[in-house]
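Here is what each chain is made of, one letter per residue.
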Amino acid sequence: MFTTAVLFVYVVVSRALNCSNTQSVIRDWSVYPVDTPVFQHNQTVVSDSALRHQIGKEEFQHVAFLKVHKTASSTVTNIIQRFGWKRHLNFILPSSSPNLISQNESITEKNILHMEQDETFDILCNHVLYDQRQFSKYLPKDTVYIGIVREPLAQFVSSVYYYKFKWSVPYLARLPNNAPIKYLLQNPKQYEPKRSENSFTKNRMSVDFGLPKELFYTTDRKKILPYLRKLHTEFKLVMIKEYFDESLILLRRLLGWNIQDIIYVKMNTFHYVARVSYRDRHLHKQHSFLDYCLYNYFLQVFWRQVRQQGEDFHTEVSYFRQLRSAIEDFCLEMKKNSALHRTVFEAKENEFHSNFIIDKDICGLLMLNEVEFSTQLKWRQFPHLRIRGNRI
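The rules we used
Residues numbered from 1 in each chain as written. Predicted model: local features only at pLDDT ≥ 70, side-chain atom pairs only at ≥ 80, totals over all residues. Heavy atoms only, no water. Helix = DSSP H or I, 4+ residues; strand = E, 2+ residues; numbered from the N terminus. Contact = heavy atoms within 4.5 Å. Areas by Shrake-Rupley, 256 points an atom, 1.4 Å probe, with all protein chains shown as cover. Salt bridge = Lys/Arg side-chain N within 4 Å of Asp/Glu carboxyl O. Buried < 20%, exposed > 50% of the residue type's maximum accessible area, 1.4 Å probe, protein only. Core = buried A, V, L, I, M, F, W, Y, C linked by side-chain atoms within 4.5 Å. pLDDT = per-residue confidence, 0-100. Phe/Tyr/Trp six-rings, centres within 6.5 Å; stacked < 30°, edge-to-face > 60°. Axes fitted to C-alpha atoms, helices over the stretch in contact; angles between N-to-C directions. Parallel < 35°, antiparallel > 145°, perpendicular 65-115°, else oblique. Left-handed = near helix turned anticlockwise from the far one by under 90°. Pairing = 2+ DSSP bridges.

Focus: the overall build of the chain
When you go through the chain residue by residue, the secondary structure sums to 17 helices and 8 strands. Put simply, 72% of the contacts in the chain that link residues at least 6 apart link residues at least 24 apart. Entry remark: accessible area of the chain is about 19400 Å², with carbon and sulfur atoms responsible for 51%.

Comments concerning the pattern of salt bridges
As enumerated under the stated definition, the model contains 15 salt bridges in all. One salt bridge in this structure joins Glu197 and Arg195, with 2.4 Å as the shortest N-O distance. A salt bridge links Glu316 to Arg253; its shortest N-O distance comes to 2.7 Å. Of this pair, Glu316 sits in helix α14 (residues 313–336) while Arg253 sits in helix α11 (residues 244–255), and the two are 63 residues apart along the sequence. Both residues of the pair, Glu316 and Arg253, count as buried.

As for the nonpolar core
Counting residues in hydrophobic clusters, the biggest one holds 96 residues, and the most contacted among them are Phe135, Phe209, Leu211, Leu231, Leu323 and Phe345. With 11 residues, the top contributor of residues to this core is helix α13 (residues 289–307). Look past the residues within four positions of Phe345 in its chain and what remains in contact with it is Trp29, Ser30, Val31, Leu323, Ala326, Ile327, Phe330, Phe356, Ile357 and Ile358. Residues Phe156, Tyr161, Leu172 and Tyr191 belong to the second largest nonpolar core, which totals 18 residues.

Some details on the confidence of the model for the chain
Of the residues in the chain, 85% have a pLDDT of 70 or more, and the chain-wide mean is 88. Segment residues 1–26 is flagged for pLDDT under 50; beyond a separation of four residues in sequence, or across chains, it makes 48 contacts in the model.

Concerning the packing of aromatic side chains
The tally for this structure, following the rule as stated, stands at 21 aromatic pairs. Aromatic pair Tyr130 and Phe135: ring centres 5.1 Å apart, planes at 85°, arrangement edge-to-face. Accessibility expressed as a relative area gives 3% for Tyr130, which makes it buried. Plain terms: the ring middles of Phe209 and Phe235 are 5.4 Å apart, the flat faces sit at 55° to each other, and that makes the pair tilted. Pair noted here: Phe209 is in the loop between α9 (204–208) and α10 (221–234) and Phe235 is in the loop between α10 and β6 (237–240), with a separation of 26 residues, a long-range link. The pair Phe209 / Phe235 is uniform in exposure class, with both members buried.

Looking at the packing of α10 against α13
Between α10 and α13, the shortest axis-to-axis distance is 11 Å and the interhelical angle comes to 45°. With respect to α13, the element α10 is oriented oblique. As α10 packs across α13, the resulting crossing turns out to be right-handed. On α13, the residues that touch Arg221, Ile224, Leu225, Leu228, Arg229, Leu231 and His232 of α10 are Phe289, Leu290, Cys293, Leu294, Tyr297, Phe298, Val301 and Arg304.

Here we look at the sheet that holds strand β3 (residues 63–65)
Across a sheet, paired strands are connected by hydrogen bonds in the backbone, their directions being either parallel or antiparallel. Strand order across the open sheet formed by 4 strands is β4-β3-β5-β6, with parallel pairing between neighbours. Bordering the open sheet on either side are β4 (123–124) and β6, each of which pairs with just one other strand. Examined bridge by bridge, strand β5 (residues 144–149) and β6 share 4 bridges and lie parallel to one another. Its bridge partner being in β6, Ile148 is matched across the sheet by Met239. Strands β3, β5 and β6 of the sheet are contacted by α11, whose axis makes an angle of about 155° with β6.

Here it is in structure tokens:
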């Protein structure tokens, strides 16, 4: 029990990017014990419906997020899982794995858990290959499709080190430890699996997006472009890992979500030091030609979407980065120091959000990894799995 109030106030002053607007925007947030008068006094907040009116959109709750390997997709998955958890929405969940529906096929009757006949699914965000016909069998017609891509060489290098050194995937485990990038790119036939869907390191983003198999054997852009255009009509947003925060603000605006819905703590990071030569870069463009086509296409689409935003877009991105970093620091400090469990972080109302608080429970959800969160969702949607002690 705190006997005196401990109050830390962070004030951030920034100027709008529009040079004609010289007005400073003051933003502040505070951290204090939950049993102090200042906390009780500040609990009057703008309602969710008022906030959605403020941003001019209704909240979309039917979402399919294509979880693409090694693109910061685990971080996005936590955001979507947290959104659905708060609203008691129904997730499409794996039947035989803690968090993977499938690494090499789309949704089937066998690889997901089924709801009761009078219930419907709202959200998909676990690993599975994209197939619009299969997705539409299980998701409502008004589902918004979201994807994510990453600069192909960076995605490739991350995959090599992650799946070789953390998971010891057999074909990557055979690579020499001192220069795995070099050996894989110079001898792909010696190491790469024959089936594209079994590889984590050759056009993997294109595999996840369900590109037709015949496109994996061509460099003819005229044959590839029609399918990319098809994806463009099906996905309302393809996020770009290199512009992650900008992507999240686009997602928030597209879905009519609140800024607190997209707060995140970085997930599933794996640290490594990679050596990549100029020759490696050249070889990789041949090795994963389709991924470069996919990335470059949606990078152009992404910047067109950014240019369509209002003058406040980059101001919101800048504010979001500062707010997110402060909340991450608060949650990480709370994790290390149990004495802080009875403190809360309050973000004061401004032009981007109403008052909201982050407490111990929300910090806990922010830091749940994908397996832990998927397990919690399974236990809530399918209580019999928990009763049986089934931890799939």
